[in-house]
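Examining the three-dimensional arrangement
If you want the building blocks of each chain, they are given just below.
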Amino acid sequence: MIALVFVAPSTRLFVAGQASDIRGRFSTVKLAGAQSTGKRTQALVAGRKGLLVGQESKLFFSRSLKFEIARGAVLRTYVPLPLRVENALAPAQKVAGPDVEVSVTTLANEPVESIKLNGQVFNMPVRKDILHRVVVWLLAKARAGTAKTKTRSEICLTGKKLFKQKKTGNARHGSKSANIYVGGYKAFGPKPKDWAHDMNKKERRLALKMALSAKVAEGKVIVIDKAELDAPKTKELFSKLAARGIENALLVDKEIQENVHLAARNIPKIDAIPSQTINVYGILTKDTIVLTKAAVEDLEARLLAPIKR
């Protein structure tokens, strides 16, 4: 059974609700009525998410709740201490900065025009804790998890007793495959496992916006009109990047041209990727981010679109 709780600091609350009103562990809950004896009613919680009374805002809540549940009757809950109810992502989502105007140049650093980068994607306040969580999530998913050592049953050695049990002066031993011998099994060794863990889509998207915003704030984002080469010549691409002082960069286009891909793959610390594969770790590990206009448009459209659940 999921707990339905009305929370108010140091007050008692009486909530009328039926168990059949619950639509799922993380869904909204309909109430027949509510009455609070205190002045501030903070939140209604259902499972791990909740709704403010009369509003549609989702909240996080503390799990240290004391409650009593009566199926199909009045639910009475008493919280002796003030409960901190907040949305960890809301502050950063509400205070996006204005649009950022940047100059668009060619790959050879010839001026073309000026465009504005959407502030909700490229001018978000940066929170290191969110960036850290997403980087840990990315690196955990990238782990192979294939480390393994042999157990005693997998060691192929003789099972003959090394020497008689007594009167040799040696410690008692049986098989040569014991873990104290060279070539023996490994006690409590690693086994194959999956290190990946879940992360909310909203948090992953917000971290990508913050990573892009951090690079824009540092002046490390360059916008070019297009990334194209007439031939897959590494020397040509390298000379154009070196002329702009670009040595460690991520070149992002909506779709990478084959000539650019072939030319960039032999340049150290230069990666050419499509905008669909850009991620927080790749942005933070590069000094400069080179975006084409098509990549900017694709990122803005993708990061501002509703999240598919």
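Note that the structure is predicted; figures quoted are calculated from it, not measured.

1. Comments concerning the packing of helix α4 (residues 201-217) against helix α8 (residues 293-304)
- Two numbers describe how α4 lies on α8: the axes approach to 10 Å, and their chain directions differ by 145°. Here the hand of the crossing between α4 and α8 comes out left-handed. Residue-level inspection shows R205, L208, K209 and L212 of α4 in contact with α8, the latter providing L299, R302, L303 and L304.
- Broken down by class, the residue content of the contact of α4 with α8 amounts to 5 nonpolar, no polar and 3 charged.

2. Looking at the confidence of the model for the protein chain
- For the protein chain, the mean per-residue pLDDT works out to 77, and 70% of the residues sit at or above 70.
- Here residues 1-92 is modelled with pLDDT under 50, and outside its nearest four sequence neighbours on either side it reaches 157 contacts, counting other chains as well.

3. Focus: the pattern of salt bridges
- For the structure shown, the criterion picks out 9 salt bridges.
- The closest approach of N and O atoms between E154 and K148, which form a salt bridge, is 2.9 Å.
- You can call E154 partly exposed: its relative accessible area is 36%.
- The exposure class assigned to K148 is partly exposed, which follows from its relative accessible area of 43%.
- Between K226 and E228 there is a salt bridge whose closest N-O contact spans 3.9 Å.
- Accessibility expressed as a relative area gives 48% for E228, which makes it partly exposed.
- Among the charged side chains, a salt-bridge network with shared partners connects R127, D129, R133 and E203.

4. As for the pairing of strand β12 (residues 270-274)
- Direction of pairing for strand β11 (residues 249-253) relative to β12: parallel, over a ladder of 5 bridges. Residue pairing in the sheet places D253 in a bridge with P274 of β12.
- The β-α-β motif built from β11, the intervening helix α6 (residues 258-264) and the parallel element β12 has right-handed crossover chirality.

Conventions used here
- Residues numbered from 1 in each chain as written.
- Predicted model: local features only at pLDDT ≥ 70, side-chain atom pairs only at ≥ 80, totals over all residues.
- Heavy atoms only, no water.
- Axes fitted to C-alpha atoms, helices over the stretch in contact; angles between N-to-C directions.
- Helix = DSSP H or I, 4+ residues; strand = E, 2+ residues; numbered from the N terminus.
- Left-handed = near helix turned anticlockwise from the far one by under 90°.
- Contact = heavy atoms within 4.5 Å.
- Nonpolar A, V, L, I, M, F, W, Y, C, P; charged D, E, K, R; others polar.
- pLDDT = per-residue confidence, 0-100.
- Salt bridge = Lys/Arg side-chain N within 4 Å of Asp/Glu carboxyl O.
- Buried < 20%, exposed > 50% of the residue type's maximum accessible area, 1.4 Å probe, protein only.
- Pairing = 2+ DSSP bridges.
- Right-handed = clockwise from strand over helix to strand, strands pointing away.

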